Amino acid sequence: MAELKGKKISFIGGGNMAQALISGLIGRGIKPTDITVADPSADIRERLKSQKINTVDPTGTTESDNSQIAVQTADVVVLAVKPQVMSKVVSDFAEVLDQQLVISVAAGLSTDSISKMLGGYNNIVRAMPNTPAMIQKGATGLYATAQISDTDKKLAAALMAASGLVIWVEEESQLHAVTAVSGSAPAYFFYMIESMIDAAVEQGLDRKQAAALAMQTALGAAQMTIASDETPAELRRKVTSPNGTTQAAIESLQQDNFVQTIKTAMQACYARSEEISKELAD
């Protein structure tokens, strides 16, 4: 986290994702007093103030309480508001941007769209995080415009890495695939765990037992996959004894075209991500 030492970081928007990133930053040793959040919610501001984080009301009109103050004093500005309101929100401070690194975590908004909203400002990195960032187990895809320096790329990576894994993509269009494989993907796993719990209850376990076993198994499988030098396919083969119970389950999944079901779902996610980007660009 050396890249972030002494840097002033301002969040425009203090919702769940912003709070997840802030939690990760503080957990990695960033001083709360080096963080500022601009959010119109008095409740959110009070909650953050209790953690010694600076807050401003972006709707304020005083010299010490508006979004321009948050941006002018920052080295990094994180745009963490809904894409539908981004244009209105950034119009309040676009004119005071100078050398700040801008990181957008707004889904669907391209760097070109954000740059236009910011009056041509192009020192922008786009991030596609996911909700496990809330427990510092997130996975984030990053894309940088050509104007971003190596120093700012390292700065962006360090900030997002505070809440989990970070990867860079070469083409902005690849963020659609990031959305399909990580951004939206926690819901796929939640759905599978939910289904496993329901099935185990039907087979005779009570819901508490079924939930504990399904969730721990999902956690263990993920950690084994990360820790092992072997591929997921090889790990699967090793636990699938010939003519055993696991083989029966895997063969059932194969007969029901499980692989194609996953691919189709991810393609639907990818396609919708593309559609949203086009809708927001219009």
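Now for a quick tour of the structure. Owing to the predicted nature of the structure, the values given are computational and were not obtained by experimental measurement. (Residues numbered from 1 in each chain as written. Predicted model: local features only at pLDDT ≥ 70, side-chain atom pairs only at ≥ 80, totals over all residues. Heavy atoms only, no water.)

This next bit is on the overall build of the chain. Each helix and strand in the chain was counted, giving 12 helices and eight strands. Oriented by its inertia axes, the alpha-carbon framework of the chain measures out at about 70 × 40 × 30 Å. Scored against the burial criterion, the 282 residues of the chain give a buried share of 40%. Contacts spanning at least 24 positions in sequence make up 59% of the contacts within the chain whose residues lie at least 6 apart. Carbon and sulfur atoms form 54% of the exposed surface of the chain, whose accessible area is close to 15900 Å². Taking the 24 positively charged and 31 negatively charged side chains of the chain as two groups, their mean positions are separated by 5 Å. (Helix = DSSP H or I, 4+ residues; strand = E, 2+ residues; numbered from the N terminus. Buried < 20%, exposed > 50% of the residue type's maximum accessible area, 1.4 Å probe, protein only. Contact = heavy atoms within 4.5 Å. Areas by Shrake-Rupley, 256 points an atom, 1.4 Å probe, with all protein chains shown as cover. Lys, Arg positive; Asp, Glu negative; His and termini not counted. Charge placed at Lys NZ, Arg CZ, Asp CG, Glu CD.)

Where helix H8 (residues 186–202) meets helix H9 (residues 207–227), the axes come as close as 9 Å, and the angle between the chain directions of the two elements is 140 degrees. Relative to H9, the element H8 lies oblique. Here H8 runs over H9; the crossing is right-handed. For the pair formed by H8 and H9, the contact residues are Ile193, Met196, Ile197, Asp198, Ala200 and Val201 on the first element and Arg207, Ala210, Ala211, Ala214, Met215 and Ala218 on the second. Looking at the contact of H8 with H9 residue by residue, the class counts come to 10 nonpolar, no polar and two charged. (Axes fitted to C-alpha atoms, helices over the stretch in contact; angles between N-to-C directions. Parallel < 35°, antiparallel > 145°, perpendicular 65-115°, else oblique. Left-handed = near helix turned anticlockwise from the far one by under 90°. Nonpolar A, V, L, I, M, F, W, Y, C, P; charged D, E, K, R; others polar.)

Here we take up the environment of Ile26. Note that Ile26 resides in helix H1 (residues 16–27). By relative accessible area, which is 27% here, Ile26 ends up partly exposed. Sequence spacing of Ile26 and Ala212 is 186 residues, and the spatial spacing of their C-alpha atoms is 30 Å. Other than its neighbours up to four places away in sequence, Ile26 contacts Pro32, Ile35, Gln51 and Ile53.

With 34 residues, the main nonpolar core has Phe11, Leu25, Ile103 and Leu159 as its most contacted residues. With 23 residues, the next largest nonpolar core counts Ile12, Val56, Val77 and Met86 among its residues. (Core = buried A, V, L, I, M, F, W, Y, C linked by side-chain atoms within 4.5 Å.)

This next bit is on the environment of Gly119. Mapping Gly119 onto the fold places it in the loop between helix H5 (111–117) and strand E6 (124–128). Counting along the chain gives 25 residues from Gly119 to Ala94, while the straight-line C-alpha distance between them is 6.8 Å.

Right, let's talk about the pairing of strand E5 (residues 101–104) for a bit. The side-chain alternation of E5 yields two buried faces, one formed by Leu101 and Ile103 and the other by Val102 and Ser104. Judged from the four bridges that link them, strand E4 (residues 76–79) and E5 form a sheet pairing that is parallel. Within E5, the position partnered with Leu79 by the bridge is Ser104. Direction of pairing for E5 relative to E6: parallel, over a ladder of three bridges. Residue pairing across strands places Ile103 opposite Val125, the latter belonging to E6. In this fold, E5 hands off to H5, which returns the chain to E6; that crossover is right-handed. (Pairing = 2+ DSSP bridges. Right-handed = clockwise from strand over helix to strand, strands pointing away.)

This part is about the pattern of salt bridges. Across all of its chains, the model carries nine salt bridges by this definition. Of the charged contacts, one joins Glu234 and Arg237 as a salt bridge, the two residues approaching to 3.0 Å between their closest N and O atoms. Residue Glu234 and its partner Arg237 are both found in helix H10 (residues 232–239); the two are separated by three residues, about one turn of the helix. Two residues, Arg272 and Glu279, come together in a salt bridge whose shortest N-O distance is 3.0 Å. Of the residues examined, Arg272 reaches a relative accessible area of 38% and is grouped as partly exposed. What you see here is one network of salt bridges that share partners, running through Arg272, Glu275 and Glu279. (Salt bridge = Lys/Arg side-chain N within 4 Å of Asp/Glu carboxyl O.)

All right, on to H9 then. Between its first and last C-alpha atoms H9 spans 30 Å; for 21 residues at 1.5 Å apiece the expected length is 30 Å, and the two agree. Tucked inside the fold, the buried residues of H9 contact H8. (Expected span 1.5 Å × (residues − 1).)

Positionally, Thr145 belongs in the loop between strand E7 (138–144) and helix H6 (150–161). Beyond its immediate stretch of four places on either side in the chain, Thr145 contacts Thr111, Asn122 and Ile124.

Applying the stated criterion to the full structure yields zero aromatic pairs. Note that Lys153 overlies the ring of Trp168, its terminal NZ or CZ placed 4.7 Å from the centroid. (Phe/Tyr/Trp six-rings, centres within 6.5 Å; stacked < 30°, edge-to-face > 60°. Lys NZ or Arg CZ within 6 Å of the ring centre and 35° of its normal.)

This part takes up the pairing of strand E8 (residues 164–168). For E7 and E8, the ladder comprises five bridges, and the chain directions are parallel. The residue bridging Thr140 from the neighbouring strand is Val166, located in E8. Handedness of the crossover joining E7 and E8 through H6: right-handed.

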